[in-house]
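Overview (structure and organization)
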Amino acid sequence: MVIVLMGVSGSGKTTVGKQLAADLGWKFVEGDDYHPPENVAKMAGGTPLTDADRRPWLKALRQRIDAACATDENIVVACSALKHEYRDYLERDDPACVRYVYLHGSEALFRERLESRKGHFMGANMLRSQLEAMEPPVGEVTVDAAPPPDRIAADIRAKLGAPATPSAPVPASPAGSGCGPC
Ligand SMILES: Nc1ncnc2c1ncn2[C@@H]1O[C@H](COP(=O)(O)OP(=O)(O)OP(=O)(O)O)[C@@H](O)[C@H]1O
Ligand SMILES: O=C(O)[C@H](O)[C@@H](O)[C@H](O)[C@H](O)CO
């Protein structure tokens, strides 16, 4: 299964994604690592990406998602996935394998976070363009991005019905049923 934590810059995708992945015992995948260097340079220079800029990034991320789905790997992905068409594209090969979780919050909160974040290429000057591009998902899990990361991760687990602990025992099947954990 693939959980994609989505939202604008500063919503906490990386912070909450790492916490959620640790809680679940899943691998965390940082979507920013899939940007070509020219995209990072553009964002660092204060220019928002275009749809065309995002195409190679989304293609690379989709390949990572497809690989996880094909091998039953459980991963948490941090990816802004701002537009409906990006989300459709990312899950197209196996929609049942992918769940989106939207980190929702106020512009003031995200701005404050970005202004105090150190050592990241994305500045607070990009937040407005992110909010303008954002097309909120319909029918996907939405969580409040304001509480501490561990509380948000717990909220996500509760809303997705995901296992509470990484080592939750698989129920034993009656001897001879031949059914394993089903
Ligand atoms: N729930 C939270 N409570 C307090 N601080 C948070 C929370 N979530 C994130 N932060 C802080 O806000 C800043 C932005 O968080 P983070 O980098 O995780 O956001 P992001 O959505 O991944 O941003 P980007 O898209 O720019 O990579 C970081 O400095 C982080 O420590
Ligand atoms: O689609 C986009 O505009 C970009 O992917 C951004 O969302 C950044 O990757 C991220 O927010 C910075 O860390």
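Residues numbered from 1 in each chain as written. Chains lettered and ligands numbered in written order. Predicted model: local features only at pLDDT ≥ 70, side-chain atom pairs only at ≥ 80, totals over all residues. Heavy atoms only, no water.

An unreviewed UniProt entry lists the protein under the name Gluconokinase, with Gemmata obscuriglobus given as the organism. The Catalytic activity (unreviewed entry) field of the UniProt record for the protein holds the comment "D-gluconate + ATP = 6-phospho-D-gluconate + ADP + H(+)". Per UniProt, the comment on the protein under Pathway (unreviewed entry) is "Carbohydrate acid metabolism." (UniProt positions renumbered as here; feature names shortened; annotations may be inferred.)

1. Remarks on the nonpolar core
V2 and I156 are the most contacted members of the largest nonpolar core, which totals 47 residues. With six residues, the top contributor of residues to this core is helix α3 (residues 51–70). Leave out the neighbours within four places in its chain, and I156 touches L5, V16, L20, V101 and V143. (Core = buried A, V, L, I, M, F, W, Y, C linked by side-chain atoms within 4.5 Å. Buried < 20%, exposed > 50% of the residue type's maximum accessible area, 1.4 Å probe, protein only. Helix = DSSP H or I, 4+ residues; strand = E, 2+ residues; numbered from the N terminus. Contact = heavy atoms within 4.5 Å.)

2. Comments concerning helix α4 (residues 84–91)
Within α4, the full set of buried residues consists of Y86, R87, L90 and E91. Projection of α4 onto a plane perpendicular to its axis shows the buried side chains occupying an angular sector of 115°, all on one side. Of the surrounding elements, those touching the buried residues of α4 are β1 (2–6), α3 and β4 (98–104). (Arc of directions from axis to C-beta.)

3. Looking at the site of ligand 2
Neighbouring ligand 2 are S9, D32, H35, M43, R54, W57, S80, H120, F121, M122 and Q130. Between an oxygen atom of ligand 2 and a side-chain N or O atom of Q130, the distance comes to 2.8 Å. Its free accessible area being 330 Å², ligand 2 has 96% of it covered by the protein chains. With respect to the pocket detection grid, ligand 2 is positioned in the largest pocket. Looking at the shell around ligand 2, its residues break down into four nonpolar, five polar and two charged. (Near = heavy atom within 4 Å. Polar contact = N/O pair within 3.5 Å; in protein donor to acceptor, adjacent residues only side chain to side chain. Areas by Shrake-Rupley, 256 points an atom, 1.4 Å probe, with all protein chains shown as cover. 1 Å grid on protein atoms, 1.4 Å probe; cavity = no way out; pocket = protein on both sides within 12 Å on 5 of 7 lines; lining within 4 Å. Sits in = over half its atoms within 2 Å of the grid points. Nonpolar A, V, L, I, M, F, W, Y, C, P; charged D, E, K, R; others polar.)

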